[in-house]
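# Per-entry structural report
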Amino acid sequence: MGKPKSSYALWIIGHILRALLVLVIIGMCTVLIWRMAFSQRTPSALSEIADNKVLSAAYEKNGNALTILEQEQVKYTEGAENYAYFNLDYCYFIKEADQVQLLLFYNNSTLEHLAEDHQLAEVPPRGAEVFSLKLTQYIDVTPADYEKKDKDDIVTKERVITPTSCEIDTNSLYTFIRYTFDGVELVEDTVVIYLDMCYGEEMESYGTLRLFHRESVSTERALSETEKEIIAK
């Protein structure tokens, strides 16, 4: 392209401005990619299972051979009022230990929404145990002589289980919490298991995730060598 004879200075300035604009766009894209790639990265301290007395006892009792069951469930809240407020990184059913371990994480914006929805004076602090969790297990106890109206017409009983422990970590955008639930016996007649994130004295659910359903596909695996080392310590 030839240089304009009468406006060479403007031509130079225009090229400089375009170059600066390109650099700004590249910088913004770089920041966005960094946030997407690294902000949801699971903290290494919470990326593996946690040991406790129940798990250690089951490990020893079963000759160091424990089974971890997982299911493909939706890993974020789907409601119009709480879409993606809560997310699951993993959920492990450790069958021989009657234990569930899961890693829950949520964005800083979830706390901001909570403050707005509950008209709080200030946004709850990051890195704190803001929500109370409960796991509800529904078990099929339908009598043999029960006359069903359809296949989903069953009699169930429910068991509500609260966490044994939790561990919290944060980064610039997210709070990560690993929870351990003991006493979750995955009996054959288990229909479904839900996880509720509750807030307030009335334990009102602020979000629900399905962890297990008897018609969903399950995969089972043995402990990894890393998991064995964690329990054996």
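Residues numbered from 1 in each chain as written. Predicted model: local features only at pLDDT ≥ 70, side-chain atom pairs only at ≥ 80, totals over all residues. Heavy atoms only, no water.

### Thoughts on the packing of aromatic side chains
Under the criterion given, the structure shown has 15 aromatic pairs. Ring centres 6.3 Å apart and planes at 85 degrees place the aromatic pair F86 and Y206 in the edge-to-face group. Within this pair, whereas F86 is found in the loop between β1 (67-71) and β2 (87-94), its partner Y206 is found in strand β9 (residues 204-213), the two being separated by 120 residues in sequence. Taking relative accessible area as the criterion, F86 reaches 0% and is therefore assigned buried. A relative accessible area of 10% places Y206 in the buried class. An aromatic cluster of at least three residues, connected via ring pairs, comprises Y85, F86, Y106, F131, Y199 and Y206. (Phe/Tyr/Trp six-rings, centres within 6.5 Å; stacked < 30°, edge-to-face > 60°. Helix = DSSP H or I, 4+ residues; strand = E, 2+ residues; numbered from the N terminus. Buried < 20%, exposed > 50% of the residue type's maximum accessible area, 1.4 Å probe, protein only.)

### Observations concerning the sheet that holds strand β7 (residues 174-182)
Spatially, six strands are ordered β6-β7-β3-β2-β1-β10 in an open sheet, and the strand pairing comes out antiparallel. Only two strands of the sheet have a single neighbouring strand rather than two, namely β6 (165-170) and β10 (218-222). On average, adjacent strands in this sheet sit at an angle of 20 degrees to one another, irrespective of strand direction. (Pairing = 2+ DSSP bridges. Axes fitted to C-alpha atoms, helices over the stretch in contact; angles between N-to-C directions.)

### Remarks on the sheet that holds strand β5 (residues 156-161)
An order of β5-β4-β8-β9 is seen for the four strands of this open sheet, with the pairing classed as antiparallel. At either margin of the open sheet sits one strand with a lone partner, and together these are β5 and β9. Adjacent strand axes in the sheet meet at a mean angle of 25 degrees when their direction is disregarded. As paired elements, strand β4 (residues 132-140) and strand β8 (residues 190-199) share eight bridges and run antiparallel to each other. What sits directly across from L135, in β8, is L195.

### Topic: the nonpolar core
With 28 residues, the main nonpolar core has L102, L104, F131, F181 and L211 as its most contacted residues. Looking at this core, the elements that each hand over two or more residues are β2, β3 (99-107), α3 (108-117), β4, β7, β8 and β9. Setting aside residues no more than four positions away along its own chain, L104 makes contact with F86, N87, L88, L133, T175, F176, I177, Y179, M197 and L209. Among the nonpolar cores identified, the runner-up in size contains 18 residues, and L55, I94, L173 and I231 belong to it. (Core = buried A, V, L, I, M, F, W, Y, C linked by side-chain atoms within 4.5 Å. Contact = heavy atoms within 4.5 Å.)

### A closer look at the side chain of Q99
Tracing the backbone through its elements, the reader meets Q99 in strand β3. Owing to a relative accessible area of 1%, Q99 belongs among the buried residues under this scheme. A polar contact of 3.2 Å, which involves the side chain of Q99, links it to the side chain of N52. Not counting chain neighbours up to four residues away, the residues in contact with Q99 comprise N52, V54, L55, Y92, F93, I94, T180, F181, D182 and V184. (Polar contact = N/O pair within 3.5 Å; in protein donor to acceptor, adjacent residues only side chain to side chain.)

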